[in-house]
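Tertiary structure, described
Chain by chain, the residues run as shown.
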Amino acid sequence: MFTLKATGRNFVQSPKHSALCMTMADVEAESSTQPEAMEEENPLFSNLDLFLFTLIAGLIIYWFMSRKKAEPIPEFKKLDQPAPSTRETSFIEKMKKTGRNIVVFYGSQTGTGEEFANRLSKDAQRYGMKGMAADPEEYDMSELSRLAEIGNSLAIFCMATYGEGDPTDNAQDFYDWLQETDGELDGVNYTVFALGNKTYEHYNAMGAYVDKRLEELGAKRVFDLGMGDDDGNLEEDFVTWREQFWPAMCEHFGVEASGEDSSIRQYELKEHNDINMNKVYTGELGRLKSFETQKPPFDAKNPFLAPVTVNRKLNKAGDRHLMHLEVDITGSKIRYESGDHVAVYPTNDTAIVNRLGQILGVDLDSVISLNNLDEESNKKHPFPCPTTYRTALTHYLDIIHPPRTNVLYELAQYATDPKDQENMRKMASSAPEGKALYQSFVLEDNRNILAILEDLPSLRPPIDHLCELMPRLQARYYSIASSSKVHPNSIHICAVLVEYTTKTGRLTKGVATTWLKNKLVADNGHKSTVPMYIRKSQFRLPFKASNPVIMVGPGTGIAPFMGFIQERGWLKEQGKEVGETVLYCGCRHKKEDYLYQEELEEAEKMGVITKLNVAFSRDQEQKVYVQHLLRTNKEDLWRQIHTDNAHIYICGDARNMARDVQTAFYEIAEELGGMTRTQATDYIKKLMTKGRYSQDVWS
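Residues numbered from 1 in each chain as written. Predicted model: local features only at pLDDT ≥ 70, side-chain atom pairs only at ≥ 80, totals over all residues. Heavy atoms only, no water.

Notes on the overall build of the protein chain
The helix and strand inventory of the protein chain stands at 23 helices and 27 strands. Residues counted as buried form 48% of the 699 residues belonging to the protein chain. Sequence separation of 24 or more characterises 75% of the internal contacts of the protein chain that already satisfy a separation of 6 or more. (Helix = DSSP H or I, 4+ residues; strand = E, 2+ residues; numbered from the N terminus. Buried < 20%, exposed > 50% of the residue type's maximum accessible area, 1.4 Å probe, protein only. Contact = heavy atoms within 4.5 Å.)

Digging into the pattern of salt bridges
Opposite charge on two side chains allows them to pair when their charged atoms are near. In the structure shown here, the tally under the stated rule is 46 salt bridges. Here Glu115 ties to Arg119 by a salt bridge, and the two come within 3.9 Å at their closest N and O atoms. Remark: Arg119 and Glu115 occur in helix 5 (residues 112–126); sequence separation between them is 4 residues, near one turn of the helix. For Arg404, the salt bridge identified is with Glu235, shortest N-O distance 3.6 Å. Taken together, the positions of Arg404 in the loop between helix 10 (389–396) and helix 11 (405–411) and Glu235 in helix 8 (residues 234–253) put the pair 169 residues apart, joining distant regions of the chain. The buried category is assigned to Glu235, whose relative accessible area is 2%. Salt bridges linked by common partners bring Arg355, Asp445, Arg447, Glu454, Asp455 and Arg506 together as one network. (Salt bridge = Lys/Arg side-chain N within 4 Å of Asp/Glu carboxyl O.)

As for the side chain of Gln597
Relative to the helices and strands, Gln597 is located in helix 19 (residues 597–605). Of note is the side chain of Gln597, whose polar atom sits 3.3 Å from the side chain of Lys316. If near-sequence neighbours (up to four positions away) are discounted, Gln597 is found in contact with Lys316 and Lys590. (Polar contact = N/O pair within 3.5 Å; in protein donor to acceptor, adjacent residues only side chain to side chain.)

Overview of the confidence of the model for the protein chain
On average, the protein chain scores 88 in pLDDT, and the residues at 70 or more come to 86%. Contacts from residues 1–44, a stretch scored under 50 in pLDDT, to residues over four places away or in other chains number 13 contacts. Long-range and interchain partners of residues 66–86, a stretch whose pLDDT sits below 50, account for 0 contacts in this model, where long-range means more than four residues apart. (pLDDT = per-residue confidence, 0-100.)

Regarding the packing of aromatic side chains
Aromatic rings in a pair are described by how distant their centres are and how their planes are angled relative to each other. Scanning all chains against the criterion turns up 26 aromatic pairs. Judged by centre distance (5.5 Å) and plane angle (5°), the ring pair of Phe157 and Phe174 falls under stacked. Of this pair, Phe157 sits in strand 5 (residues 154–162) while Phe174 is found in helix 6 (residues 172–180), placing the two residues 17 residues apart along the sequence. Summarising the burial analysis for this pair, Phe157 and Phe174 share the class buried. (Phe/Tyr/Trp six-rings, centres within 6.5 Å; stacked < 30°, edge-to-face > 60°.)

What to know about the nonpolar core
Judged by nonpolar contacts, the single largest core of 42 residues is most densely connected at Leu393, Leu397, Ile399 and Met424. Elements with a contribution of two residues or more to this core: helix 9 (350–360), strand 14 (367–372), helix 10, helix 11, helix 12 (418–427), helix 13 (432–444), helix 14 (449–455) and helix 15 (463–469). Ignoring any residue separated from it by four or fewer positions in sequence, one finds Met424 in contact with Leu408, Tyr409, Leu411, Ala412, Ala415, Leu456 and Leu459. Among the nonpolar cores identified, the runner-up in size contains 31 residues, and Ile550, Ile648, Leu687 and Tyr693 belong to it. (Core = buried A, V, L, I, M, F, W, Y, C linked by side-chain atoms within 4.5 Å.)

Considerations on the packing of helix 21 (residues 634–643) against helix 22 (residues 654–673)
Following both chains from N to C, one finds helix 21 and helix 22 inclined at 85°, their axes separated by 10 Å at the closest point. Classed by the angle they form, the pair helix 21 and helix 22 counts as roughly perpendicular. Residue-level contacts link Lys634, Glu635, Leu637, Trp638 and Ile641 of helix 21 to Phe665, Ile668, Ala669, Glu671, Leu672 and Gly673 of helix 22. When its residues are assigned to classes, the contact of helix 21 with helix 22 shows 7 nonpolar, 1 polar and 3 charged. (Axes fitted to C-alpha atoms, helices over the stretch in contact; angles between N-to-C directions. Parallel < 35°, antiparallel > 145°, perpendicular 65-115°, else oblique. Nonpolar A, V, L, I, M, F, W, Y, C, P; charged D, E, K, R; others polar.)

Focus on helix 6
For helix 6, the set of buried residues is Phe174, Tyr175, Trp177 and Leu178. Buried residues of helix 6 fall within an arc of 160° about the axis and therefore sit on the same side. Of the exposed residues in helix 6, the ones pointing more than 90 degrees away from its buried face are Asp173 and Glu180. Check the buried side of helix 6 and you find it contacts strand 5, strand 6 (166–167) and helix 7 (205–216). (Arc of directions from axis to C-beta.)

Looking at the packing of helix 5 against helix 8
As a packed pair, helix 5 and helix 8 sit with axes 12 Å apart at the nearest point and diverge in direction by 25°. On the basis of their axis angle, the class for helix 5 and helix 8 is roughly parallel. Of the two possible hands of crossing, helix 5 and helix 8 adopt the one that is right-handed. Note on element contacts: helix 8 touches helix 5 through Leu234, Glu235, Phe238, Val239, Trp241, Arg242 and Trp246, opposite Thr112, Phe116, Arg119, Leu120, Asp123 and Ala124. (Left-handed = near helix turned anticlockwise from the far one by under 90°.)

Quick notes on helix 8
Between its first and last C-alpha, helix 8 extends 28 Å over 20 residues, near the 28 Å set by a 1.5 Å rise per residue. N-capping of helix 8 is provided by Asn233, with a side-chain oxygen placed 3.3 Å from the backbone N of Glu235. Of the residues flanking the end of helix 8, it is Gly254, one or two places downstream, whose phi is positive at about 65°. (Expected span 1.5 Å × (residues − 1).)

A look at the sheet that holds strand 12 (residues 322–328)
One open sheet holds the 6 strands; their spatial order is 16-13-22-11-12-17, and the pairing between them is antiparallel. Each of the sheet's edge strands pairs with one partner strand only, and the pair in question is strand 16 (476–479) and strand 17 (490–496). Along the sheet, successive strands turn relative to each other by an average axial angle of 40°, direction set aside. Two strands pair when backbone bridges link them, and strand 13 (residues 341–344) and strand 22 (residues 529–535) are joined in this way by 4 bridges, in the antiparallel orientation. (Pairing = 2+ DSSP bridges.)

Regarding the sheet that holds strand 10 (residues 267–272)
As summarised here, the arrangement of the 3 strands in space is 10-14-15, forming an open sheet in which the pairing is antiparallel. With partners counted over all chains shown, the strands left at the sheet margins are strand 10 and strand 15 (387–388), one partner each. Direction of pairing for strand 14 relative to strand 15: antiparallel, over a ladder of 2 bridges. Across the sheet, the residue bridging to Val367 is Thr388, located in strand 15.

Focus: the pairing of strand 27 (residues 693–698)
Where burial is concerned, most of strand 27 is hidden: 5 out of the 6 residues are buried. Across 6 bridges, strand 26 (residues 647–653) lies against strand 27 in parallel orientation. Residue pairing in the sheet places Ile648 in a bridge with Tyr693 of strand 27.

A few points about the environment of Ala124
Positionally, Ala124 belongs in helix 5. For the pair Ala124 and Val103, spaced 21 residues apart in the sequence, the C-alpha separation amounts to 9.8 Å. Excluding anything up to four places from it in sequence, Ala124 contacts Ile102, Met129, Lys130, Gly131 and Trp246.

Things to note about unusual backbone geometry
The step from Pro296 to Pro297 runs through a cis peptide bond, and the omega angle for that step is 5°. Assignment of secondary structure puts Pro297 in the loop between strand 10 and strand 11 (304–313). The residue Lys289 is not glycine, and still its phi comes out positive at about 70°. Turning to its location among the elements, Lys289 is positioned in the loop between strand 10 and strand 11. Residue Lys289 is classed as buried on the basis of its relative accessible area of 19%.

Notes on the side chain of Thr161
Mapping Thr161 onto the fold places it in strand 5. A polar contact is formed between the side chain of Thr161 and the backbone nitrogen of Ala205, at a distance of 3.2 Å. Those residues in contact with Thr161 that sit more than four places away from it in its chain are Asp166, Leu195, His202, Asn204, Ala205, Met206 and Gly207.

The following block contains the structure:
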């Protein structure tokens, strides 16, 4: 950099500029000496000869180059065009081609909606019809109006609600289309089964919206909206709806049920006795060998293997294990913001996998593929194949959760004891006795598939059929406990180990938290890694840093607020005006499980946290929770909310804490805002609509 002192300006001289200056100087020097040189020498060619020679040579080169370029033009155009897609995006054409009249679309975040859709699609065969399960993300949903072209056709929608009444990721485009379209769906028959959880504010909002919107567009509802509540018994809700739905459909379409009760296999087993092991999946979610050669971008089908750099116990005492992990994302090009979720893919306990293999008498290292019998299906395998039984049971299948009724129904045929067979089929029915048996034997006793096999010794199904029926092992989501402004190459996780003894005396451990607990920083000289990706969230700090924030997060609900606090501290360091930062958190005992005590007290000391409010619920005779502290500070809270435009954030348990906290805010609005309960409820709902009351809760 050169400084021109006369003008006081800085001038950056680029190499290009320097070269240009030198060239011009050389030309000027040559020009000044040229006449003198010409006088001294007698040239071989005159200037005219040189000019003509140059012109002719230039024309020849131009002709040659233009002729060569002309030839490949069509070739280049061809290369610039995208390769034609081999994927069929018309579900109508596919249905016509394969003789189907029922399509079951699913909006699914954790796999349950997809599982229900597959069951309904499979059911159709028993009722003299032919169905297909379909992911709305894979098809052109504007073709829904064409469904009337197929006789006796029906569209079923299994729609889960995610977050604050939002569509699932795979149903987002369909939701957008429903909102924007003004097309007519006359002649389209439909029904909807909604999956949700009553503890959430917007219970089954997505299913209810799809049901209402399809009717508005002229489609005909042929069966009532089903409402599945995961806070109660989602499986029972679905079975009850399904058993009423199919007879109604038979009547509507004038068909008779086949009465076929035998199992209908969806996949056939192929054993690979001589296969190159480099072609066998070992836990990858998408591309083979993706765990060996990592390539961004990283997402649900291509997770990043993040090395664990920190794994420490957070609580000082007590019988629980609360943990803080840090994973390294250096070089991954992964970006995240405070409030986002990290999704991790856990694996099942090796001891459980081995025990299943032992009970079923199989070689878990056999290499197999399960191939879809329906060659037209987009889903060729239930999980990545070829693979081994061991890999499938470890990485791909959920063997810990109690099995759903359809699994028991399908496996019943393999029970050699007639009583076991009868009970398993009974549990899959909607009869009161069957529901009660399923509730007590499976749900209340928390029997997973291993426990069922151990307690029903007459039941020994083929392992391939068991693998076909087990649902997929899903990613687990954690609120990120760090800010990318402070930790751009690191993601922090806060979790509590899930571990309890069931009524049958079995010790049950949470799949993901047990797996995370065992992720040591260095394991036999190798770095432990966590397959992960980022799921974006709407749980965001206010755009204006000067807005106050009120954060309520007892227990591990404090996780996203650690990121918020780090970010507010970073903003203060940058000289930004930062509003009040108030935290309400809680734990059982101050001396046992006060999470992040040192970090929080330091943040308060530095003025990053304006006020730190901690509820130690069990340190006194009368239990004290965060909602009690909210009421204690009601005047400050009301000023912050009503006068200073504060943003409220709630994170943690949806069933009790989030409801109790919301009730506390209603009461504060009633008392200090002079409102009725109805007005206070509307007031808080308006804050939600404006994005000033956000929840990141789980049930």
